[in-house]
Amino acid sequence: GAVVSQHPSWVICKSGTSVKIECRSLDFQATTMFWYRQFPKQSLMLMATSNEGSKATYEQGVEKDKFLINHASLTLSTLTVTSAHPEDSSFYICSARGGGADTQYFGPGTRLTVL
Amino acid sequence: RKEVEQDPGPFNVPEGATVAFNCTYSNSASQSFFWYRQDCRKEPKLLMSVYSSGNEDGRFTAQLNRASQYISLLIRDSKLSDSATYLCVVNRGRQLTFGSGTQLTVLP
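The structure contained in this document is the topic of the report that follows. (Residues numbered from 1 in each chain as written. Chains lettered and ligands numbered in written order. Predicted model: local features only at pLDDT ≥ 70, side-chain atom pairs only at ≥ 80, totals over all residues. Heavy atoms only, no water.)

**Concerning the state of the cysteines**
Residues and elements named next belong to chain A.
So, step 1. Under the counting rule described, the total for this entry stands at two disulfides over all chains.
So, step 2. Disulfide pairing is shown between cysteine 23 and cysteine 94; the S-S distance is 2.0 Å. Classification of the bridge connecting cysteine 23 and cysteine 94 rests on its S-S torsion, roughly 80 degrees, and on that basis the disulfide is right-handed. With cysteine 23 in strand β3 (residues 19-25) and cysteine 94 in strand β9 (residues 90-98), the pair connects residues that are 71 residues apart, well separated along the chain. Like cysteine 94, cysteine 23 is buried.
So, step 3. Free of any disulfide, cysteine 13 has its nearest cysteine sulfur in cysteine 94, 18 Å distant. (Disulfide = S-S within 2.5 Å. Helix = DSSP H or I, 4+ residues; strand = E, 2+ residues; numbered from the N terminus. Buried < 20%, exposed > 50% of the residue type's maximum accessible area, 1.4 Å probe, protein only.)

Here it is in structure tokens:
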């Protein structure tokens, strides 16, 4: 099956710093990538949808200036958490979908801890 | 009201037991339906799609009732390795909406 990687798998940072998370589709071209966030004992919540070469569409309540998404190529999307604070600590998961297909392939997730 | 609702559990069952999970969704325009499995600190993985005619994959049976907007998952002959959180997922307009999950622990 299709493979999606995320890097880093975990990160610990100080409050106020920015953190970049990469999501790569390894064996297919991902025309659309999704970014989710999951807090402990809660479900995955969609943060934003990004299509290659265009601006991301953010879900209601997600600050686009705080969570910067770049989908510059068909195999790479990045999420940058700017000026991270402890309340941003969460499990961030990306998924990717190829053109014309409905199946989303999930990355292994990135666990962010902000001290 | 949440778009996808599930009983959070936990369900603690002995090995070999049969267990059923239920899920309801609020948007009648939802187009496709899935059950995902998520292990602790891991990403969700597709378990099976759900069809109105009902579908079975080994020990797992899924059922969809569009009129009632209700989805179910039945696990027969539970194994220890079935312990996980089971997520009910609904697709509308090519976006997935996840339920909060039902936690299952299969006990030896």
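Here the narrative resumes.
**Thoughts on the sheet that holds β3(A)**
Residues and elements named next belong to chain A.
So, step 1. With respect to topology, four strands assemble into an open sheet ordered β1-β3-β8-β7, the strand pairing being antiparallel. Edge positions in the sheet fall to β1 (4-7) and β7 (67-73), since each has one partner strand and no second. Mean inter-strand twist for the sheet, computed between neighbouring axes without regard to direction, equals 15 degrees.
So, step 2. Judged from the five bridges that link them, β7 and strand β8 (residues 76-81) form a sheet pairing that is antiparallel. Directly across from serine 73, in β8, lies its bridge partner leucine 76. (Pairing = 2+ DSSP bridges. Axes fitted to C-alpha atoms, helices over the stretch in contact; angles between N-to-C directions.)

**Quick word on the packing of aromatic side chains**
So, step 1. For the coordinates displayed, the defined rule picks out eleven aromatic pairs over all chains.
So, step 2. Aromatic pair A:Tyr36 and B:Phe98: ring centres 5.6 Å apart, planes at 85 degrees, arrangement edge-to-face. In this pair, A:Tyr36 sits in strand β4 (residues 30-38) while B:Phe98 sits in strand β10 (residues 95-98), so the two residues belong to two different chains. Each member of the pair, A:Tyr36 as well as B:Phe98, carries the same accessibility label: buried. (Phe/Tyr/Trp six-rings, centres within 6.5 Å; stacked < 30°, edge-to-face > 60°.)

**Some points on the pairing of β9(A)**
Residues and elements named next belong to chain A.
So, step 1. Where burial is concerned, most of β9 is hidden: nine out of the nine residues are buried.
So, step 2. Residues Ser90, Tyr92, Cys94, Ala96 and Gly98 line one face of β9 and the alternating positions Phe91, Ile93, Ser95 and Arg97 line the opposite face, and both faces are buried.
So, step 3. Of the strand pairs in this sheet, β9 and strand β10 (residues 105-106) are connected by two bridges, and their pairing is antiparallel. Looking at the pairing, serine 95 lines up with phenylalanine 106 of β10.

**A look at the interface of chain B and chain A**
So, step 1. Between chain B and chain A, the residue contacts involve 13 residues of the former and 19 residues of the latter.
So, step 2. Between chain B and chain A, roughly 1400 Å² of surface is buried when both sides are summed, and carbon and sulfur atoms account for 47% of that area.
So, step 3. Of all residues in chain B, the largest losses of buried area upon contact with chain A belong to B:Glu43, B:Arg94 and B:Phe98, amounting jointly to 39% of the total for that side.
So, step 4. The interface formed by chain B and chain A contains zero salt bridges.
So, step 5. Between the two partners, chain B and chain A, sit four residue pairs in polar contact (both at pLDDT 80 or more).
So, step 6. Elements with a contribution of two residues or more to the side of chain B that touches chain A: β4 (32-38) and β10 of chain B.
So, step 7. Considering only residue class, the side of chain B that touches chain A consists of five nonpolar, four polar and four charged. (Contact = heavy atoms within 4.5 Å. Buried area = accessible area lost by both parts, 1.4 Å probe. Salt bridge = Lys/Arg side-chain N within 4 Å of Asp/Glu carboxyl O. Polar contact = N/O pair within 3.5 Å; in protein donor to acceptor, adjacent residues only side chain to side chain. Nonpolar A, V, L, I, M, F, W, Y, C, P; charged D, E, K, R; others polar.)

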